[in-house]
There are 2 protein chains.
Amino acid sequence: MEVLKEKILTEGTIIGSKILKVDSFLNHQIDINLFNEIGKEFKERFSSHEITKILTVEASGIGIACIVAQHFGNIPVVFAKKHEAANLDSDTYETDVFSFTKNKTYKIRASKKYINPEDKILIIDDFLANGNASLGLVEIVRQAKAKVVGVGIVIEKAFQNGRILIENEGIKVESLAIIKSIQDSKIVFKDA
Amino acid sequence: MEVLKEKILTEGTIIGSKILKVDSFLNHQIDINLFNEIGKEFKERFSSHEITKILTVEASGIGIACIVAQHFGNIPVVFAKKHEAANLDSDTYETDVFSFTKNKTYKIRASKKYINPEDKILIIDDFLANGNASLGLVEIVRQAKAKVVGVGIVIEKAFQNGRILIENEGIKVESLAIIKSIQDSKIVFKDA
């Protein structure tokens, strides 16, 4: 997706050899026009699939998922919770997710009420690196006996192994910008 | 806002005398059609004001803010962070917020890059109770020497004192559903 790659090149900041900071448009300040382009693109890439619901995880995924949902006919969004919340049902699907960035394991949870066996679910997230967050969402959908239609990612780091782990589960992955490598503070994209 | 009050009455769950659970459409599962109605309504209520940016706080505010922003001409959204994030600038505006629900103080932060003195900011959040989260956002805008145009709230609990504290700062508050009281598990609305 050219407009996204352009945005990453002009506004992204690289920290070390692995971290790309895109907080001017993706995960702190949000560019709503870009999110609508992202929504259009996901709709095109999953146009042959029936999708009844979008699943993401707090916090950065929520805004993307909400705008994307409009391009799929305003289907509901569910966001899994990472943090204890007084207003979360006790009856949840849950799984552990290991974060390499933070070097710790956290739980993600979704109320059993909002994912049903008939659901055909598109998982949306901002980044795909080691794939643990996405695989956690896949696990939640499977606990609910619903179907994962695919995983839609805004920025994939292809030098980490998230994609292969998800594809090994038989799940389609669509990433709108795929970073092959970060070398000498320069981003090299793979065609996507 | 009638459609919102209707939704609260049909889908909301009351816990004790103070907590209203609306996770079927507001802060766990998200009703995108309703969010667009909410966006229209905020646009009407703030139609006479110039607004350049929407500020909210993770996590539940993000989805609302993103959809609302579309009704203000796709202006950018900034969400303040509650949790440590590897990708957050060290140069931030920050303030402490005391949560009565969790009985603890947490920090909210926003990068100095994304709130500027020229900004005219609409603060958006899902709930207004004691007002601490909204006042924390007001404080961040003021640290940035930007202007708070108003605070837009989806559900206000008028039996707690958030509104008065914000209005005492000279700030307009618009809430789309105002709950006067919760008595014997029944919600009594104030006209809004």
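Per chain, residue numbering runs from 1 following the sequence as it is written. Whichever chain is written first is A, and whichever ligand is written first is 1; the rest continue in order. For this predicted model, a pLDDT threshold of at least 70 governs which residues receive local features, and a threshold of 80 or more governs which side-chain atom pairs are given and counted, while totals over whole chains, interfaces and linings are taken from all residues. To obtain the side-chain values, all non-hydrogen atoms of the structure were used and water was disregarded.

Q: An account of the interface of chain B and chain A is needed here, citing residue identities and associated values.
A: With 41 residues of chain B at the contact, the number on the chain A side is 41 residues. When the two sides are added together, the surface that chain B and chain A hide from each other amounts to roughly 3,400 Å², 56% of it contributed by carbon and sulfur. For this document, the term salt bridge refers to a Lys or Arg side-chain nitrogen within 4 Å of an Asp or Glu carboxyl oxygen. Run the count over chain B and chain A and you get zero salt bridges. Polar contact is defined as a pair of N or O atoms within 3.5 Å, subject to the rule that within protein one atom must be able to donate a hydrogen and the other to accept it, and that residues adjacent in sequence are counted only when both atoms are side-chain atoms. Linking chain B to chain A there are 18 residue pairs in polar contact (both at pLDDT 80 or more). What counts as a helix is a DSSP run of H or I of at least four residues, what counts as a strand is a run of E of at least two, and both are numbered from the N terminus. Counting only elements with at least two residues in the side of chain B that touches chain A, the list comes to β3 (29-30), α2 (32-45), α3 (60-70), β5 (77-80) and β7 (104-111) of chain B. Looking at the side of chain B that touches chain A element by element, the count peaks at seven residues for α3(B). Gly is placed with the polar residues, together with every amino acid not listed as nonpolar (Ala, Val, Leu, Ile, Met, Phe, Trp, Tyr, Cys and Pro) or charged (Asp, Glu, Lys and Arg). In the side of chain B that touches chain A, the residues fall into 17 nonpolar, 14 polar and 10 charged. Contact definition: two residues touch when any of their heavy atoms are within 4.5 Å. Summed over both partners, the accessible area (1.4 Å probe) lost when two parts come together is defined as the buried area.

Q: Report on the relation of the copies chain B and chain A, specifying residues and quantitative values.
A: We place the copies in one frame by least squares, fitting the C-alpha atoms of every residue whose pLDDT is at least 70 in both. When chain B is brought onto chain A, the operation consists of a screw motion whose angular component is 180° and whose axial shift is 0.0 Å, with 0.0 Å RMSD remaining. This pairing of chains is accounted for by a two-fold axis. Of the interface residues in chain B, 100% have counterparts in chain A that sit at the interface too, so the contact is made through matching surfaces.

Q: Give me unusual backbone geometry: which residues, what numbers.
A: Across residues other than glycine, the phi torsion is negative in most instances, and most of the peptide bonds are trans. All names here are of chain A. Here the bond from E58 into A59 is cis, since omega is 0°, no more than 30 degrees from zero. Note on placement: A59 falls in the loop between β4 (53-57) and α3 (60-70). In this structure, D184 takes a positive phi of about 50° despite not being glycine. Examined against the element boundaries, D184 turns out to sit in the loop between β10 (173-183) and β11 (186-190). Even without being glycine, S185 reaches a positive phi, approximately 60°. Here S185 is to be found in the loop between β10 and β11.

Q: Explain the pattern of salt bridges residue by residue, including any values.
A: Residues and elements named next belong to chain B. This structure, assessed with the given rule, holds 34 salt bridges over all chains. The salt bridge involving E2 is made with K5; its shortest N-O contact spans 3.6 Å. Here E2 and its partner K5 are both found in helix α1 (residues 2-11), three residues apart, which amounts to about one turn of the helix. With a relative accessible area of 56%, E2 lands in the exposed category. Judged by its relative accessible area of 8%, K5 falls in the buried class. As a salt-bridge pair, D23 and K21 come within 3.2 Å of each other at their nearest N and O atoms. Between buried and exposed lies partly exposed: a residue is buried under 20% and exposed over 50% of the maximum accessible area for its type, with that area taken using a 1.4 Å probe on protein chains only.

Q: Quick one: what's the story with the sheet that holds β5(B), residue by residue and with numbers?
A: At least two DSSP bridges between two strands are required for those strands to pair. The seven strands are arranged β3(A)-β5(B)-β4(B)-β8(B)-β9(B)-β10(B)-β11(B) in an open sheet whose pairing can be described as mixed. The open sheet has two free edges, formed respectively by β3 (29-30) of chain A together with β11 (186-190) of chain B, since each of these has just one partner strand. Across three bridges, strand β4 (residues 53-57) of chain B lies against strand β8 (residues 120-128) of chain B in parallel orientation. Residue pairing for β8(B): L55(B) is matched across the bridge by I123(B).

Q: Give me the lowdown on the packing of aromatic side chains, citing residues and values where you can.
A: Residues and elements named next belong to chain A. Between rings of Phe, Tyr and Trp, where Trp is taken as its six-membered ring, a pair exists when centres lie within 6.5 Å; planes separated by under 30 degrees are stacked, by over 60 edge-to-face, and by other angles tilted. The final tally for this structure, using the stated rule, is two aromatic pairs over all chains. Geometrically, the ring pair formed by F98 and F100 is edge-to-face, given 5.0 Å between the ring centres and 85° between the ring planes. Only when the NZ of Lys or the CZ of Arg is both within 6 Å of the ring centre and within 35 degrees of the ring normal is a charge said to sit over the ring. Just above the ring of F46 sits the side chain of K172; from NZ or CZ to the centre is 5.0 Å.

Q: Quick one: what's the story with the side chain of D23(A), residue by residue and with numbers?
A: Checked against the element boundaries, D23(A) lands in the loop between β2 (19-21) and β3. A distance of 3.2 Å separates a polar atom in the side chain of D23(A) from a polar atom in the side chain of K21(A).

Q: Talk me through the pairing of β5(B); I want residue IDs and the actual numbers.
A: Residues and elements named next belong to chain B. By the alternation rule, side chains of β5 split into V77 and F79 and V78 and A80, which are all buried. Here four bridges tie β4 to β5, and the two strands are oriented parallel to one another. Residue pairing for β5: I54 is matched across the bridge by V77. Consider the strands pointing away from the viewer: the crossover is right-handed when the path from the first strand over the helix to the second runs clockwise. Crossover handedness for the path β4 to α3 to β5: right-handed.

Q: Kindly report on the nonpolar core, identifying the contributing residues and their values.
A: Among the buried residues, those of types Ala, Val, Leu, Ile, Met, Phe, Trp, Tyr and Cys that are joined through side-chain atoms within 4.5 Å form a nonpolar core. Of all hydrophobic cores here, the largest spans 80 residues; its most connected members are I38(A), I54(A), I38(B) and I54(B). Ignoring sequence-local partners within four residues, the contact set of I38(A) consists of M1(A), I64(A), V68(A), V154(A) and L176(A).

Q: I'd like a description of the packing of helix α2 (residues 32-45) of chain A against α3(A), backed by residues and values.
A: Axes are the key here: two packed helices are described by the angle between their axes and the distance separating the axes. All names here are of chain A. Lines fitted to the C-alpha atoms define the axes, with helices restricted to the stretch that makes contact. Angles between their N-to-C directions range from 0 to 180 degrees. Where α2 meets α3, the axes come as close as 8 Å, and the angle between the chain directions of the two elements is 55°. The angle between α2 and α3 places the two elements in the oblique class. Seen from above, α2 lies across α3 with right-handed handedness. The segment α2 lies against α3, with I32, F35, N36, I38, G39 and F42 engaging G63, I64, I67, V68 and Q70. Taken together, the residues of the contact of α2 with α3 sort by class into seven nonpolar, four polar and no charged. In this scheme, roughly parallel covers angles under 35 degrees and roughly antiparallel covers those over 145, while 65 to 115 is roughly perpendicular and the rest are oblique. The hand of a helix crossing depends on one turn: near helix anticlockwise from the far one by less than a right angle means left-handed, and clockwise means right-handed.

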